Amino acid sequence: MSTLPACPQCTLENTYPDGDNFVCADCGFEWPAVAAASDEEADAVVRDANGNILNDGDAVVLIKDLKVKGSSITLKQGSKVKSIRLVSGGDHEVDCKLDAGQFMLKACFLKKV
Ligand SMILES: [Zn+2]
């Protein structure tokens, strides 16, 4: 059972889903079930393993051991990164400076501290 939202125009709750939209049976108002803007935001926002939004300069820790491709280096779980830099594009969103060097990591392996 999902709760349908009340109509944003007339505030009555006689609404129903119609494809990607909700429709109000009383006043005929239609509005998107998923706001178009949220898609754009989801692309721009980088979230850590817990779903917290990461920003440039945030401190994070690794939540698992990460083997660095093409090297014998393993970044240890619990390693701290004092200040991250977010990079847009590509599947590795976070530029991290660690004792072992500078690496591009996936945000899903990081946790904000
Ligand atoms: Zn309405």
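What counts and how
Residues numbered from 1 in each chain as written. Predicted model: local features only at pLDDT ≥ 70, side-chain atom pairs only at ≥ 80, totals over all residues. Heavy atoms only, no water. Donors = N, O, S within 2.8 Å, 3.2 Å for Na, K, Ca; no water. Tetrahedral: all angles 85-135°; square planar, octahedral: opposite > 155°, others 65-115°. Helix = DSSP H or I, 4+ residues; strand = E, 2+ residues; numbered from the N terminus. Phe/Tyr/Trp six-rings, centres within 6.5 Å; stacked < 30°, edge-to-face > 60°. Buried < 20%, exposed > 50% of the residue type's maximum accessible area, 1.4 Å probe, protein only.

> Before we move on, can you summarise the coordination of the zinc ion with the specific residues and values?
The protein atoms donating to the zinc ion are Cys7 (SG), Cys10 (SG), Cys24 (SG) and Cys27 (SG), with metal-donor distances spanning 2.2 to 2.4 Å. The site at the zinc ion holds 4 donor atoms, and with the angles between them running 105 to 119°, its shape is tetrahedral. Along the chain, the residues donating to the zinc ion are arranged with the sequence spacing C-x2-C-x13-C-x2-C. In this pair, Cys10 is assigned in the segment before strand 1 (15-18) and Cys27 in the loop between strand 2 (21-24) and strand 3 (30-32), connecting sequence segments 17 residues apart.

> Give a description of the packing of aromatic side chains that names residues and reports values.
The geometry of an aromatic ring pair comes down to the distance between the two centres and the angle between the two planes. Applying the stated criterion across every chain, the model contains 2 aromatic pairs. Summarising the aromatic geometry, the rings of Phe22 and Trp31 are spaced 5.7 Å apart at their centres and angled 45° between planes, so their arrangement reads as tilted. Accessibility classification places Phe22 together with Trp31 in one group, the buried group. Arranged with centres 5.8 Å apart and planes meeting at 20°, the rings of Phe29 and Trp31 form a pair that is stacked. Relative accessible area serves as the criterion here: at 27%, Phe29 is assigned to the partly exposed category. Exposure remark for Trp31: the relative accessible area of 13% places this residue in the buried category. Pairwise contacts between aromatic rings join Phe22, Phe29 and Trp31 into one cluster.

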